[in-house]
Amino acid sequence: MKHEPSSSFQESFNVRPPVLINRHGPLASSAAISLLFAIVLSYCVTVSAGEFSLSTPVLFEGAVDASGAADVGDGFFVGATDEDNEFRLYDVNGGLSPKTLDVGVEAAVKSALGVEKIKECDLEGAAKIGDLIFWIGSHGRNKNAEEKKERQVLFATKLSGSGKDAKLEIAGKVYTKLLDDLVNDPALAPFELGKAATLAPKDEGALNIESLAADGGKLWIGFRNPKNKAKEALLVPLLNPTEAIKEGAGAKLGDPVTLKLGGLGVRDMVAWRDGFLIIAGDFVDRFEPRAKPSRVFSWKPGTDPHDIGVDFGDLDPEAIVIMGEGDRARILILSDDGKYPGRSDKNVFRGVWLQQVNAPIGGGNGN
């Protein structure tokens, strides 16, 4: 769902320098020169400090991450993790998940694959279109490069109720042919997805889907890995998601898009104002010594992404969610804390609000 602004998306992510006009000619006096210097210095400080900042972390209990999440109203979100097949409801103010939603995912995936037992679907992305929330598996192999069919899934849940009374149920069928669609798409041949799909997800060049973003009636599928030879990240549009989950229907892919994200891949993406916000991250784990730090980019199709200059510190941002609508919409970023030093054995993860300087901090019901 897109959130319309009172000003353009690009304006909201760019600070314009002041223009100083002297009606009486050049600024010759020392006072005027001092004033000009002070304004320029102030502008430089504003840019270096960044227009956006992160709030104090909020702790969510019950899982080590929410690898995909969606707003369900009244200050609550539902989160899926890549560690199990549960869907947990959370209050944005933090604390223990009040309940786990009975969605029936395991039964639906078993039926779609014709198997009696599955492990985690490695759910990595979520996107909301109307009352449908779409979820996608990584479509990658496990850490030992073993194929796991239950990770090759795309499905939708129908939302009813809101907030603490939100409910989800499987809508339509579980789509299990997306990997074949991607591998056989001629436009994606340069990415060698057939080869990438045989590698462990944290190997360089391996296939690892981590993002799903709604754009009107279509979905953008974002890849953490692989990237092209220019180290650009990959987005693939799914043009008919609501048709793909109908019995007997197939997926229709649009032309792929590559993004300059400083050598990083897409970890999550969400529609914001008249463009998108993208969490970009390395293909290796955040806490490995060689990992590059994650960044946030603004992007409008047809333009290059713009790094908005946010420092995540020791967070491992994995999911981005727009909570609320219109003027009350706020940006919530969720961290994967499964390997966070000192907390790796605890079912808790952090969330932060991405906020504009001098803007109200997110949180509370309705945000």
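Residues numbered from 1 in each chain as written. Predicted model: local features only at pLDDT ≥ 70, side-chain atom pairs only at ≥ 80, totals over all residues. Heavy atoms only, no water.

This paragraph deals with the packing of aromatic side chains. Scanning all chains against the criterion turns up nine aromatic pairs. Taking 4.7 Å as the distance between ring centres and 80° as the angle between the ring planes, the aromatic pair formed by phenylalanine 87 and tryptophan 135 counts as edge-to-face. Of this pair, phenylalanine 87 sits in strand β5 (residues 87-91) while tryptophan 135 sits in strand β9 (residues 132-137), and the two are 48 residues apart along the sequence. For the pair phenylalanine 87 and tryptophan 135, a shared accessibility class is recorded, and that class is buried. Ring pairing ties together the aromatic residues Phe60, Phe77, Tyr90 and Phe349, which thus form one cluster. (Phe/Tyr/Trp six-rings, centres within 6.5 Å; stacked < 30°, edge-to-face > 60°. Helix = DSSP H or I, 4+ residues; strand = E, 2+ residues; numbered from the N terminus. Buried < 20%, exposed > 50% of the residue type's maximum accessible area, 1.4 Å probe, protein only.)

Further remarks concern the confidence of the model for the protein. Atom-level detail of predicted coordinates should not be read off regions where pLDDT is low. Chain-level pLDDT for the protein is 86 on average; 83% of the residues reach the 70-or-more range. In the model, residues 1-49 has pLDDT below 50 throughout and makes 57 contacts with residues more than four positions away in sequence or in other chains. (pLDDT = per-residue confidence, 0-100. Contact = heavy atoms within 4.5 Å.)

Tracing the chain through its elements places leucine 179 in helix α4 (residues 178-183). A sequence separation of 40 residues divides leucine 179 from histidine 139, and the C-alpha atoms of the two residues are 6.8 Å apart. With sequence-adjacent residues up to four places away left out, leucine 179 is seen in contact with His139, Gln152, Ala197 and Leu207.

Right, let's get into the nonpolar core. Within the largest apolar cluster, 30 residues are counted, with the highest numbers of intra-cluster contacts made by Phe134, Leu182, Leu207, Leu212, Leu219, Ile221 and Phe223. Leucine 219 has contacts with Ala127, Ile129, Phe134, Leu212, Ala213, Ala214, Val236, Pro237, Leu238 and Pro241, leaving out every residue within four places of it along the chain. The next biggest cluster of nonpolar side chains, apart from the first, holds 24 residues, and it includes Val72, Phe87, Val103 and Val153. (Core = buried A, V, L, I, M, F, W, Y, C linked by side-chain atoms within 4.5 Å.)

Rolled over the atoms, a probe with the dimensions of a water molecule shows which regions are left empty. This model, assessed by the stated rule, comprises one cavity of 30 Å³ or more. One number sums up the size of the largest cavity: a volume of about 30 Å³. In terms of lining, the largest cavity is formed by Arg224, Arg267, Gly281, Asp282, Val284, Asp285, Arg286, Lys292, Ser294 and Asp316. Tallied by class, residues from the lining of the largest cavity come to one nonpolar, two polar and seven charged. (1 Å grid on protein atoms, 1.4 Å probe; cavity = no way out; pocket = protein on both sides within 12 Å on 5 of 7 lines; lining within 4 Å. Points joined across faces, edges and corners; volume = space filled by probe spheres on them. Nonpolar A, V, L, I, M, F, W, Y, C, P; charged D, E, K, R; others polar.)

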